[in-house]
Amino acid sequence: MSLDQKYFTGVVWQDFQHKELMDLFVKMRKARADKQDKESFRFAIAFLSMYVNHHFKLEEEYMDIYYYPEKESHKKEHKGFIKTLKEFRLEHKDYSEEAIDELMKKINKWILNHIFGDDKKLGSHILAAEKTNNE
Ligand SMILES: [Fe+2]
Ligand SMILES: [Fe+2]
């Protein structure tokens, strides 16, 4: 299991995608350990960016649908992360162990903190809203 249960929001698609994100990190860690070529590292980062964009968009759609009161600050967090990731990709066009280490430290930590804080709050809001809808 690549994602500890304490990070679960209870929203099925959200937990699924968070797990997928963590699996990507496992893959990148493996790529680093196996000293894979630059191409596979670049591919992994590009895929991560694509997946993160897709995931953020979906969360933001739900914020809109369910009138999430903290949507502005949550969207701001997403935007900031995308910027960080973009900068990272510009700085590390080539595979290097330092690049992977930096990614693991900064980005993995950011995502986990974000899930544990903002996403769990959003998850509770979605669950409550869907419960009301089903009553
Ligand atoms: Fe998320
Ligand atoms: Fe989020």
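To be clear, the structure that these remarks concern was listed above.
A brief report on the enclosed structure follows.

Basis of the calculations
- Residues numbered from 1 in each chain as written.
- Chains lettered and ligands numbered in written order.
- Predicted model: local features only at pLDDT ≥ 70, side-chain atom pairs only at ≥ 80, totals over all residues.
- Heavy atoms only, no water.
- Helix = DSSP H or I, 4+ residues; strand = E, 2+ residues; numbered from the N terminus.
- Buried < 20%, exposed > 50% of the residue type's maximum accessible area, 1.4 Å probe, protein only.
- Contact = heavy atoms within 4.5 Å.
- Areas by Shrake-Rupley, 256 points an atom, 1.4 Å probe, with all protein chains shown as cover.
- Lys, Arg positive; Asp, Glu negative; His and termini not counted.
- Charge placed at Lys NZ, Arg CZ, Asp CG, Glu CD.
- Axes fitted to C-alpha atoms, helices over the stretch in contact; angles between N-to-C directions.
- Parallel < 35°, antiparallel > 145°, perpendicular 65-115°, else oblique.
- Left-handed = near helix turned anticlockwise from the far one by under 90°.
- Nonpolar A, V, L, I, M, F, W, Y, C, P; charged D, E, K, R; others polar.
- Expected span 1.5 Å × (residues − 1).
- Core = buried A, V, L, I, M, F, W, Y, C linked by side-chain atoms within 4.5 Å.
- Phe/Tyr/Trp six-rings, centres within 6.5 Å; stacked < 30°, edge-to-face > 60°.
- Lys NZ or Arg CZ within 6 Å of the ring centre and 35° of its normal.

**Some words on the overall build of the protein**
Item 1. Secondary structure assignment for the protein yields 4 helices and 0 strands.
Item 2. N-terminal to C-terminal, the α/β element order of the protein is α-α-α-α.
Item 3. Seen through its principal axes, the protein has C-alpha atoms that stretch 55 × 30 × 20 Å.
Item 4. Taken over 135 residues, the protein has a buried fraction of 38%.
Item 5. Looking at the protein alone, contacts between residues at least 24 apart form 75% of all its contacts between residues at least 6 apart.
Item 6. When the accessible area of the protein is evaluated, it comes to approximately 8300 Å², of which 55% is carbon and sulfur surface.
Item 7. Taken as two groups, the 24 positive and 25 negative side-chain charges of the protein have centres that lie 3 Å from each other.

**Focus on the packing of helix α1 (residues 12-33) against helix α2 (residues 38-65)**
Item 1. In contact at an axis separation of 11 Å, α1 and α2 are set at 165° when each is read in the N-to-C sense. With respect to each other, α1 and α2 are oriented roughly antiparallel. Like other packed secondary-structure pairs, α1 and α2 cross with a definite hand, here left-handed. Residues Trp13, Gln14, Gln17, His18, Glu20, Leu21, Leu24, Phe25 and Met28 of α1 form the contact with α2, whose participating residues are Ala44, Ile45, Phe47, Leu48, Tyr51, Val52, His54, His55, Leu58, Glu59 and Tyr62.
Item 2. Of the residues in the contact of α1 with α2, the class split is 13 nonpolar, 5 polar and 2 charged.

**Observations concerning α1**
Item 1. With 22 residues, α1 should cover 32 Å at 1.5 Å per step; its first-to-last C-alpha distance of 32 Å lies within 8% of that length.
Item 2. Those residues of α1 lying buried are Trp13, Gln14, Asp15, Gln17, His18, Leu21, Met22, Leu24, Phe25, Met28 and Ala31.
Item 3. Contacts made by the buried residues of α1 are with α2 and α4 (97-134).

**Quick notes on the nonpolar core**
Item 1. Counting residues in each nonpolar core, the largest one holds 24 residues, and the members touching the most others are Leu21, Phe25, Met28, Leu48, Leu103, Ile107 and Ile111.
Item 2. Those elements that provide at least two residues to this core are α1, α2, α3 (71-91) and α4.
Item 3. The residues touching Met28, leaving out its near neighbours within four places in the chain, are Ala44, Ile45, Leu48, Ile100, Leu103 and Met104.
Item 4. The next biggest cluster of nonpolar side chains, apart from the first, holds 9 residues, and it includes Tyr62, Tyr68, Leu122 and Ala129.

**Topic: the side chain of His74**
Item 1. Position of His74 among the secondary structure elements: in helix α3.
Item 2. Its relative accessible area of 1% is what places His74 among the buried residues.
Item 3. The contact partners of His74, leaving out residues within four places of it in the chain, are Glu59, Met63, Tyr68, His114, Asp118, Asp119 and Leu122.

**Considering the packing of aromatic side chains**
Item 1. Here the structure, examined in full by the defined rule, presents 8 aromatic pairs.
Item 2. Ring plane angle 35° and centroid distance 4.7 Å describe the contact between Trp13 and Tyr62, whose orientation is recorded as tilted. Note that Trp13 is positioned in helix α1 and Tyr62 in helix α2, a separation of 49 residues in sequence. Both residues of the pair, Trp13 and Tyr62, count as buried.
Item 3. Judged by centre distance (6.0 Å) and plane angle (50°), the ring pair of Tyr62 and Tyr66 falls under tilted. Side by side, Tyr62 and Tyr66 carry an identical accessibility label, which is buried.
Item 4. Ring-pair connections join several aromatic residues into one group, and the members of that group are Trp13, Tyr62 and Tyr66.
Item 5. Over the ring of Phe116 we find Lys6; its NZ or CZ atom is 5.7 Å from the centre of that ring.

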